[in-house]
Amino acid sequence: MKVWIDQEYCTGDGLCEELCSAMFQLEDDGLAYVKENGVVPSDRAGREAMVAVSSDDEEAVREAVQECAGECIFIEE
Ligand code: SF4
């Protein structure tokens, strides 16, 4: 399973980070990004920053997808 965020529709409420801080992080621009190996890549965003989700984080990521106010977290199986 892989996940990415479309920052264009992110409201910046930070719910994804609350639900799964291993995979999501709010940045200084007020938008959420996916983390790769624990850090947000500085050179990619949106679908280009899609990363694999470890099995331990899959349930929390799915919950974040369901709860995301911007409906902008996307999973690809
Ligand atoms: S839950 Fe969705 S809208 Fe909220 S910060 Fe995360 S990506 Fe943005």
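Just so it is clear, the model here is predicted, and its values are computed rather than measured.

### Some words on the pattern of salt bridges
- Under the definition given, this model contains five salt bridges.
- Note that Arg62 and Glu58 form a salt bridge whose closest N and O atoms lie 3.8 Å from each other. Linking Arg62 with Glu58, this pair stays in helix α2 (residues 58-67), spanning four residues, or about one helical turn.
- Take Arg62: its relative accessible area is 35%, and that puts it in the partly exposed class.
- Salt bridges linked by common partners bring Glu36, Asp43 and Arg44 together as one network.

### Quick notes on the nonpolar core
- With 18 residues, the main nonpolar core has Val3, Ile5, Met23, Phe24, Val34, Val61 and Ile73 as its most contacted residues.
- Residue assignment for this core shows that the elements contributing at least two residues are β1 (2-5), β3 (32-34) and α2.
- What Met23 contacts, discounting residues up to four positions off in sequence, is Val3, Tyr33, Val34, Lys35, Val51, Ala52, Val53, Asp57 and Val61.

### Looking at the site of the ligand
- The immediate surroundings of the ligand are formed by 13 residues, with Cys10, Asp13, Gly14, Cys16 and Cys68 found nearest.
- Here the residues of the shell around the ligand are counted per class, giving eight nonpolar, four polar and one charged.

### Observations regarding the sheet that holds strand β5 (residues 73-76)
- As summarised here, the arrangement of the three strands in space is β4-β1-β5, forming an open sheet in which the pairing is antiparallel. In the strand order of this sheet, the two ends are held by β4 (51-52) and β5, each with one partner.
- Pairing between β1 and β5: four bridges, direction antiparallel. Bridge pairing in β5 places Val3 opposite Ile75.
- Sheet contacts for α2: β1 and β5; angle to β5, the most-contacted strand, approximately 135°.

What counts and what doesn't
Residues numbered from 1 in each chain as written. Predicted model: local features only at pLDDT ≥ 70, side-chain atom pairs only at ≥ 80, totals over all residues. Heavy atoms only, no water. Salt bridge = Lys/Arg side-chain N within 4 Å of Asp/Glu carboxyl O. Helix = DSSP H or I, 4+ residues; strand = E, 2+ residues; numbered from the N terminus. Buried < 20%, exposed > 50% of the residue type's maximum accessible area, 1.4 Å probe, protein only. Core = buried A, V, L, I, M, F, W, Y, C linked by side-chain atoms within 4.5 Å. Contact = heavy atoms within 4.5 Å. Near = heavy atom within 4 Å. Nonpolar A, V, L, I, M, F, W, Y, C, P; charged D, E, K, R; others polar. Pairing = 2+ DSSP bridges. Axes fitted to C-alpha atoms, helices over the stretch in contact; angles between N-to-C directions.

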